[in-house]
Amino acid sequence: MSAHRPSIRFLGAAGTVTGSRFLVEYASSQLLLEAGLFQGPREWRQRNWDDLPVPADQLDAVVVSHAHLDHCGYLPRLWRQGYRGPIYLTPDTANLASIVLRDSAHLQEEDAKYARKKGYSRHAHPEPLYGSNDAEGAISLFVPVNFSHWHDLPEGARVRFLPAGHILGAAIVDLELPGANILHSGDLGQGNHPLLIGPHTIPDTQYDAILVESTYGARVHPEPDGSLDRIITQTINRHGTVLIPAFAVDRTEVILAAINDSMDAGRIPRVPVYVDSPMAIEALVVYRHAIDSDHTEIRPEIREYLSASDVFNPGTLETKRSPEESKSLNDAPPCIIISASGMATGGRVLHHLKRLLPGPENTVVLAGFQAGGTRGASLRDGAAHVRIHGEDIPVRAQVEEVEYFSVHADRDDVRAWLHSAPTLPKRLVLIHGEDDARDDLATVLEGEFGVPTVSPGYDETLSL
């Protein structure tokens, strides 16, 4: 490849909030920034089966901001395509992504097996997107890099990670390339995370481009209003079960911390709380270890006052690892069940939804972003039925959306973060948002900062 101006090719999270993949080309090198899975409508998910537009074995490096599936879930597919180079990420992203990828591979294999058994796939012999061997291969390439430490990349480039305040280990990615400087927000937190400090301020560099997430670019999050306490109390009082589809990494921990506080304060009944997700249980171990750790160099984002002994467990917490333990919840008394996945796209939560949705005494609490085309979005939008494992399941349970648990920056959080920049960038690039959100945020940012703001489409290339 001949030398050329640095460029970014947007292979995902351009007009969507899933599938983050950005191909960065500089000098004669190629770097993949993020390697996420698409979720949502079939036409998006189909992209997960496509090989990269450049041979994976020609990539020089991969950089991952954090451990959510839409940022790291494509890594085993990269391994399957022949990538054997380094994957740079923070130590806790490495810890959590190992859990996420192993779980994802297992679910891919189990879903394909179940589809073959039940015959509800459109394919005669459904195969998994990738398997456990691919996940282990990708994990073997992890190169953990501590926060704030510059790490050398090919041809004089370098990268460092700064705390993003989104989930444990999540990073803002600072890329210094020959001929260009790029800052990638990753997924920014709001600054009010109960366990993590807020996003790191923008360094004093004139960036050729700041990539800005715009998940909630068109709105401001509501203040906590106690609605979860009300929902839990009402449901338990009518002898129902509260089911919370929750992202296994971080959202489960945030919700457990809130339930713990509410039970201790007497705002909700002290009922059994079940975490029914092997991945969430493993992630909880990582969070407990991080909170107990005194390695501030590795984990500068942890709030100093925390003690793991009293953060997550209100005294009634039980974890369910095995399928048999999960099935035992079919006979559970009124309780709270937290299970993955957060958008109800797969995992054990589907079995709980099949059982609980037909019962009007039960409540499903949506406590996170629901991408268009997911079952979670259908429930949010008032669907009378949802399709699960080839069956149409009637929705008679109460469905509630509790929006204040988001760990994504809203419009004002993004504005505040950008105001931390000592020097304005040459351009702002809006990613990781649906088009309406990007359009609204672009109007606000252009008026406020006077900097060109672009919203690239899928497979567009931006020269720097």
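Above this text you will find the structure in question.
Residues numbered from 1 in each chain as written. Predicted model: local features only at pLDDT ≥ 70, side-chain atom pairs only at ≥ 80, totals over all residues. Heavy atoms only, no water.

(A) Spatial organisation of the packing of helix 7 (residues 251–264) against helix 8 (residues 278–292). Where helix 7 meets helix 8, the axes come as close as 9 Å, and the angle between the chain directions of the two elements is 75°. Accordingly, the angle class assigned to the pair helix 7 and helix 8 is roughly perpendicular. Each of T252, E253 and L256 in helix 7 lies in contact with helix 8, whose residues at this interface are A280, A283, L284 and Y287. When grouped by side-chain class, the residues that make up the contact of helix 7 with helix 8 number five nonpolar, one polar and one charged. (Axes fitted to C-alpha atoms, helices over the stretch in contact; angles between N-to-C directions. Helix = DSSP H or I, 4+ residues; strand = E, 2+ residues; numbered from the N terminus. Parallel < 35°, antiparallel > 145°, perpendicular 65-115°, else oblique. Contact = heavy atoms within 4.5 Å. Nonpolar A, V, L, I, M, F, W, Y, C, P; charged D, E, K, R; others polar.)

(B) Broad picture of a positive patch on the surface. On the surface, K113, R116, K117 and K327 cluster together into a patch of positive charge. The element that contributes the greatest number of residues to the positive patch is helix 4 (residues 91–118), accounting for three residues. Inspection of the secondary structure puts K327 in helix 9 (residues 323–327). (Patch = residues over 30% accessible without salt bridge, like charges linked within 9 Å, V, L, I, M, F, W, Y side chains within 5 Å. Areas by Shrake-Rupley, 256 points an atom, 1.4 Å probe, with all protein chains shown as cover. Salt bridge = Lys/Arg side-chain N within 4 Å of Asp/Glu carboxyl O. Lys, Arg positive; Asp, Glu negative; His and termini not counted. Charge placed at Lys NZ, Arg CZ, Asp CG, Glu CD.)

(C) Molecular detail of the pairing of strand 10 (residues 180–184). Here strand 10 lies mainly inside the structure; five of its five residues are buried. Residues of strand 10 alternate between two faces, with A180, I182 and H184 on one and N181 and L183 on the opposite face, all of them buried. With antiparallel pairing between neighbouring strands as the criterion, strand 9 (residues 171–177) and strand 10 make up a hairpin whose turn holds two residues, including G179 at a positive phi of roughly 95°. Relative to strand 11 (residues 209–213), strand 10 runs parallel, the two being bridged by three bridges. Residue L183 lies in a different strand from strand 11, and its bridge partner there is I210. (Buried < 20%, exposed > 50% of the residue type's maximum accessible area, 1.4 Å probe, protein only. Pairing = 2+ DSSP bridges.)

(D) Structural context of unusual backbone geometry. Going from A340 to S341, the amide bond is cis rather than trans, its omega being 15°. Locating S341 in the fold gives a position in the loop between strand 15 (336–339) and helix 10 (349–356). Despite not being glycine, H239 has its phi angle at roughly 65°, a positive value. Structurally, H239 is set in the loop between helix 6 (227–237) and strand 12 (242–245). A residue is classified by how much of its surface remains accessible, and H239, at 63% relative accessible area, is exposed. Look at H432: it is not a glycine, yet its phi comes out positive at around 50°. Mapped onto the secondary structure, H432 falls in the loop between strand 20 (428–431) and helix 13 (435–449).

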